[in-house]
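Report on the structure
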Amino acid sequence: MAREQQGGSDGSELGRFLRAHRTRVTPEEAGVPIGPGPRRTPGLRREELATLAGVSIDYYTRLERGKETHPSHSVIDGLARALRLDKAEHEHLRDLVACAARSTAAEPPGETDRLVRSGVQLLLDNLRPCPAYVVSRTMDIIACNPSGLRLFAGMGDWPESRRNVVRYVFLHPQAQTLFSDWDEQIRACVGRLRALAGVEPDAPDLAELVGELHSKSEEFTDLWDRYDVRWHTHGSKTFHHPEAGDITPGYQSMQIEGTPGQRFIAYFAEPGTPDHDRLVLLDMDTVERSSTSP
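A brief report on the enclosed structure follows. All values derive from a computational prediction rather than experimental measurement.

1. A closer look at the pattern of salt bridges
Counted by the stated rule, this structure contains 15 salt bridges. In this structure, the salt-bridge partner of glutamate 64 is arginine 46, at a minimum N-O distance of 2.8 Å. With a gap of 18 residues between them, glutamate 64 in helix H5 (residues 57–64) and arginine 46 in helix H4 (residues 46–53) connect regions that are remote in the sequence. Among the residues examined, arginine 46 registers a relative accessible area of 23% and is labelled partly exposed. Across the pair glutamate 243 and arginine 150 runs a salt bridge whose closest N-O atoms are separated by 2.2 Å. Taken together, the residues glutamate 243 in the loop between strand E4 (239–241) and strand E5 (245–247) and arginine 150 in helix H9 (residues 146–150) connect sequence positions 93 residues apart. Residue glutamate 243 is classed as partly exposed on the basis of its relative accessible area, which comes to 43%. On the basis of relative accessibility, which here comes to 17%, the residue arginine 150 falls in the buried class. By sharing partners, the salt bridges in this structure join Arg162, Arg167, Glu212 and Lys216 into a single network.

This is the structure we're talking about:
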């Protein structure tokens with residue numbers, strides 16, 4: 001974010017999103033005839049995208065340059081079809097348009113973002129041995145049960161203020177070997193931050209996190225510049241855990257209603273299966289370490 005804000009004179013978040021995705025759609029994919037001679041523009045030209053979306057080139061140019069901020073629903077849907085956006089990207093485009101249309105920026109989230117209700121903490125504790133945790137909008141771990149933290153091998157060695165899922169997957173030395181699909185994990189994490197940056201471009205906590213990751217991770221910078229918006233809400237995930245062994249639990253991510261962007265994430269496995277036994281071991285090992293520590 002700090003890197004991006006320094007060069008922010010090239011238009012709005014909406015414009016940057018449109019440009020990034022326009023360059024990734026080839027004429028062949030869009031069914032656009034290609035004339036003779038080389039093309040200097042990667043992906044689609046502005047006039048080609050405008051035609052595909054059913055708007056004038058002047059109107060589309062104004063959108064991309066941040067001069068037009070009130071496209072209709074039909075224009076948004078036309079752009080999404082022309083850019084071949086998936087459901088999450090289409091939704092994010094709508095969010096960007098809504099943000100651009102507001103005359104004043106929303107207030108940055110306050111400290112309540114890190115307050116977890118007592119009932120939510122009770123749920124975390126009662127889910128043991130299943131790992132579970134609560135993350136903030138920027139994916140700070142703000143509450144967890146013991147195995148929820150221990151699942152991320154080595155994160156417990158970090159101070160609480162640095163326990164952030166995105167920071168972990170990019171910067172912790174154990175992350176690449178922990179996840180069987182580390183490449184997909186980092187894409188999903190960047191996608192979530194990208195979605196947040198579109199609607200809260202001036203949020204200080206987001207700018208600080210993105211600035212740190214830009215300065216320390218080339219992989220993050222490359223993915224950030226792609227303007228992908230993606231995330232995973234449920235499924236299964238394989239961990240090559242250094243102490244509990246290979247685990248492939250299911251997981252479910254849920255928005256906590258009535259909170260400023262908090263999400264509840266829980267992992268689970270069928271009782272009596274090897275995966276469940278390893279989750280029990282992960283949780284028991286945590287208890288044993290706590291009881292034997294001075």
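2. Looking at the packing of aromatic side chains
Using the criterion set out here, one finds ten aromatic pairs in the structure. Ring geometry for phenylalanine 220 against tryptophan 224: centres 5.4 Å apart, planes inclined by 20 degrees, an arrangement best described as stacked. In this pair, phenylalanine 220 and tryptophan 224 are both assigned in helix H14 (residues 218–224), four residues apart and thus about one turn of the helix distant. On the accessibility criterion, phenylalanine 220 (0% relative accessible area) is buried.

3. Some remarks on the sheet that holds strand E6 (residues 250–255)
With antiparallel pairing, five strands are arranged side by side in an open sheet as E2-E1-E7-E6-E3. In the strand order of this sheet, the two ends are held by strand E2 (141–144) and strand E3 (234–236), each with one partner. Averaged over all pairs of adjacent strands, the angle between their axes in this sheet comes to 20 degrees, without regard to strand direction. Across four bridges, strand E1 (residues 132–135) lies against strand E7 (residues 263–268) in antiparallel orientation. Directly across from valine 135, in E7, lies its bridge partner arginine 263.

4. Quick word on H5
If you check which residues of H5 are buried, you get Tyr60, Thr61, Leu63 and Glu64. Across the axial projection of H5, the buried residues extend over an arc of 160 degrees, all falling on one side. Packed against the buried residues of H5 are helix H2 (13–22), H4 and helix H6 (73–83). Among the residues trailing H5, glycine 66 stands out with phi positive, at a value near 80 degrees.

5. A short note on the pairing of E6
Within a regular beta strand, the side chains point alternately toward one face of the sheet and then the other, so they alternate between its two faces. Examined bridge by bridge, E3 and E6 share three bridges and lie antiparallel to one another. Pairing of glycine 235 across the sheet is with tyrosine 251, part of E6. Where E6 meets E7, six bridges bridge the pair, whose relative direction is antiparallel. From the neighbouring strand, glutamine 252 faces E7, where its bridge partner is alanine 266.

6. Overview of the pairing of E2
One ladder, built from three bridges, connects E1 with E2; its direction is antiparallel. Residue pairing for E2: valine 134 is matched across the bridge by alanine 143. Connecting E1 to the antiparallel partner E2 that follows it, the hairpin turn spans five residues, and methionine 139 within it adopts a positive phi of roughly 70 degrees.

7. As for unusual backbone geometry
The residue after arginine 128, namely proline 129, is reached through a cis peptide bond having omega 15 degrees. Turning to its location among the elements, proline 129 is positioned in the loop between helix H8 (118–126) and E1. Non-glycine residue arginine 84 carries a positive phi angle of around 60 degrees. Counting through the fold element by element, arginine 84 comes out in the loop between H6 and helix H7 (87–101). One non-glycine residue, methionine 139, adopts positive backbone phi at about 70 degrees. Looking at the element boundaries, methionine 139 is found in the loop between E1 and E2. For methionine 139, a relative accessible area of 8% gives the class buried.

Reading guide: rules and limits
Residues numbered from 1 in each chain as written. Predicted model: local features only at pLDDT ≥ 70, side-chain atom pairs only at ≥ 80, totals over all residues. Heavy atoms only, no water. Salt bridge = Lys/Arg side-chain N within 4 Å of Asp/Glu carboxyl O. Helix = DSSP H or I, 4+ residues; strand = E, 2+ residues; numbered from the N terminus. Buried < 20%, exposed > 50% of the residue type's maximum accessible area, 1.4 Å probe, protein only. Phe/Tyr/Trp six-rings, centres within 6.5 Å; stacked < 30°, edge-to-face > 60°. Pairing = 2+ DSSP bridges. Axes fitted to C-alpha atoms, helices over the stretch in contact; angles between N-to-C directions. Arc of directions from axis to C-beta. Contact = heavy atoms within 4.5 Å.

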